[in-house]
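Residue-level structural notes
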Amino acid sequence: MFGMIPFDRSEQNLFHYLDRMERNLWDGSITDTMQFRCDVQDRGDSYLLQAELPGFEPEDIQIDLNGSNLVISARRDEDTEKKDENGGYLFRERKFGSFSRSFDVSSIDTDRISAAYKNGVLELALPKKSAQQPDTRRIQIECE
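**Focus: the side chain of S46**
With respect to the helices and strands, the residue S46 is situated in strand β2 (residues 46-52). Residues in contact with S46, not counting those within four places in the same chain, are Q41, L126, P127 and K128.

**Some details on unusual backbone geometry**
At N119, a position not held by glycine, the phi torsion is positive, near 55 degrees. With respect to the secondary-structure elements, N119 resides in the loop between β6 (114-118) and β7 (121-127).

**Thoughts on the confidence of the model for the protein chain**
Of the residues in the protein chain, 72% have a pLDDT of 70 or more, and the chain-wide mean is 79. Confidence drops under pLDDT 50 across residues 1-9; counting only partners more than four residues distant or on other chains, this segment forms three contacts. Predicted confidence is poor over residues 28-33, with pLDDT under 50, and the contacts of this stretch with residues over four places away or in other chains come to four contacts.

**Quick look at the packing of aromatic side chains**
Throughout the structure, instances matching the rule amount to one aromatic pair. Relative to F99, the ring of F56 has its centre 5.8 Å away and its plane inclined at 85 degrees; by these criteria the two rings are edge-to-face. Here F56 is found in the loop between β2 and β3 (61-66), whereas its partner F99 is found in strand β5 (residues 89-104), with 43 residues between them in sequence. Judged by its relative accessible area of 16%, F99 is buried. The ring of F56 has R76 lying over it, and the distance from NZ or CZ to the ring centre is 4.3 Å. Taking NZ or CZ as reference, K128 lies 4.7 Å from the ring centre of Y47, over its face.

**Some points on the side chain of S73**
Looking at the element boundaries, S73 is found in strand β4 (residues 69-83). Residue contacts for S73: discarding those within four places in its chain leaves D60, I61, Q62, F99 and S100.

**Remarks on the sheet that holds β2**
Pairing is antiparallel in the open sheet, where four strands are placed in the order β1-β2-β7-β6. Edge strands, defined here as strands with exactly one partner in the open sheet, are β1 (38-42) and β6. Neighbour to neighbour, the strand axes of the sheet diverge by 15 degrees on average, direction disregarded. Inspection of the sheet shows β1 paired to β2 by five bridges, in the antiparallel sense. Within the sheet, the bridge partner assigned to C38 lies in β2 and is A51.

**Brief notes about the nonpolar core**
By size, the foremost hydrophobic cluster in this structure holds 16 residues, and its most contacted members are L49, L53, I61, I72, L122 and L124. In contact with I72, not counting residues within four places along its chain, are F36, L49, I61, Q62, F99, S100, R101, F103, L122 and L124.

**Points about the environment of R43**
Within the fold, R43 resides in the loop between β1 and β2. The exposure class of R43 is partly exposed, given its relative accessible area of 49%. In sequence terms R43 and A125 are 82 residues apart; their C-alpha atoms lie 9.7 Å from each other. Only 3.0 Å separates the side chain of R43 from the side chain of Q41, close enough to count as a polar contact.

The rules behind these values
Residues numbered from 1 in each chain as written. Predicted model: local features only at pLDDT ≥ 70, side-chain atom pairs only at ≥ 80, totals over all residues. Heavy atoms only, no water. Helix = DSSP H or I, 4+ residues; strand = E, 2+ residues; numbered from the N terminus. Contact = heavy atoms within 4.5 Å. pLDDT = per-residue confidence, 0-100. Phe/Tyr/Trp six-rings, centres within 6.5 Å; stacked < 30°, edge-to-face > 60°. Buried < 20%, exposed > 50% of the residue type's maximum accessible area, 1.4 Å probe, protein only. Lys NZ or Arg CZ within 6 Å of the ring centre and 35° of its normal. Pairing = 2+ DSSP bridges. Axes fitted to C-alpha atoms, helices over the stretch in contact; angles between N-to-C directions. Core = buried A, V, L, I, M, F, W, Y, C linked by side-chain atoms within 4.5 Å. Polar contact = N/O pair within 3.5 Å; in protein donor to acceptor, adjacent residues only side chain to side chain.

Right, dumping it as structure tokens:
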């Protein structure tokens, strides 16, 4: 009988059941938003990192630099409610969550990183370090 359900794959393996259980448990809402999407473009002398963070205010977003590790994090605390004329709830929704992504910036001139946020997209300009020429020197030979 279960094999007759229309539009449903009837894969009989453990991974299918675990995947279905996770989707039913979280209804796809948590697993789809665990990370925000990022694009990185090589612009020759710099990289452009674009992070999609729609619905966030600039004060909800933090960019931290710890050595050669850049961390972008955003936190959302949203509480929506609608009451009737007697003060009873018609509905009340809450969304809480934090999101974070880390990037290796060891090849970036971290003193010149700049950021802008517009229309739900955070853009970071990541200038590359200039190629350093190795120091050359001649070593004198001491004679006894």
